[in-house]
Amino acid sequence: MNLIQHYQEKAARADRLADDPYQKADMRAELRSTARRWRHLAEHSDWLARRRRYPKL
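Now for a quick tour of the structure. Bear in mind that the values here come from a model prediction, so they are computed numbers and not experimental data.

What counts, and where the lines are drawn
Just so you know, the residues in each chain are numbered from 1, in the order the chain's sequence is written. Residue-level local features of this predicted model are given only where pLDDT is at least 70; pairs of side-chain atoms are given and counted only at 80 or more, and the full residue set underlies all totals for whole chains, interfaces and linings. Processing note: side-chain calculations cover all non-hydrogen atoms of the structure and skip hydrogens and water entirely. Each helix corresponds to a stretch of at least 4 residues labelled H or I by DSSP, and each strand to a stretch of at least 2 residues labelled E; elements are numbered beginning at the N terminus. Expected span, for any helix, means 1.5 Å times one less than how many residues it has. Residue burial is assigned from relative accessible area. The probe radius is 1.4 Å, only protein chains are included, and a residue is buried under 20% of its type maximum, exposed over 50%, and partly exposed in between. Only heavy atoms enter the contact rule, under which two residues are in contact if any of them lie within 4.5 Å. Summarising the geometry, the arc corresponds to the directions from the helix axis toward the C-beta atoms. N or O atoms within 3.5 Å of each other form a polar contact, as long as, within protein, one can give a hydrogen and the other can take it, and as long as residues adjacent in sequence are counted only when both atoms are side-chain atoms. Within this document, salt bridges are pairs made up of a side-chain nitrogen of Lys or Arg and a carboxyl oxygen of Asp or Glu, the two lying within 4 Å of each other.

### Looking at helix 2 (residues 25–53)
Now for step 1: Taking 1.5 Å per residue, 29 residues should reach 42 Å; helix 2 reaches 42 Å between its end C-alpha atoms and fits that length.
Now for step 2: When helix 2 is considered as a whole, its buried residues turn out to be L31, T34, A35, A42 and S45.
Now for step 3: Close packing links the buried residues of helix 2 with helix 1 (3–18).

Here it is in structure tokens:
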């Protein structure tokens, strides 16, 4: 599994937990924030991988 997929799966898991009605409201907000952070890390990893592969583009 590459790093991008790893971060995307972690974001999806945090989103699933945030959608759980048994979670407290503040915990759901924290989980959504964490999911956004994981998605950002996935995008950043993708950008870095492309930058390394094609450095002059």
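### Remarks on helix 1
Now for step 1: Helix length check: helix 1, at 16 residues, gives a terminal C-alpha distance of 23 Å against a target of 22 Å (1.5 Å per residue), a fit within 8%.
Now for step 2: Along helix 1, the positions that sit buried rather than exposed are I4, Y7, A11, A14 and A18. Down the axis of helix 1, the smallest arc covering the buried residues is 95 degrees, so these residues share one side. Exposed residues on helix 1 whose side chains face more than 90 degrees from its buried face are R13 and R16.
Now for step 3: Those residues of helix 1 that are buried lie in contact with helix 2.
Now for step 4: Two or three places before I4, at the opening of helix 1, N2 has a side-chain oxygen 3.3 Å from that residue's backbone nitrogen.

### Considering the pattern of salt bridges
Now for step 1: Scanning the entire structure with this criterion turns up three salt bridges.
Now for step 2: For R32, the salt bridge identified is with D19, shortest N-O distance 3.1 Å. With a gap of 13 residues between them, R32 in helix 2 and D19 in the loop between helix 1 and helix 2 connect regions that are remote in the sequence.
Now for step 3: The partner of R50 in a salt bridge is D46, and the shortest N-O contact between them spans 3.1 Å. Of the two residues, R50 and D46 both sit in helix 2, four residues apart, roughly one turn of that helix.
Now for step 4: Looking at D46, the relative accessible area reads 26%, which means it is partly exposed.

### Focus: the environment of E30
Now for step 1: Mapped onto the elements of the fold, E30 is located in helix 2.
Now for step 2: For E30, a relative accessible area of 44% gives the class partly exposed.
Now for step 3: Along the sequence, E30 and A18 sit twelve residues apart, while their C-alpha atoms lie 8.2 Å from each other.

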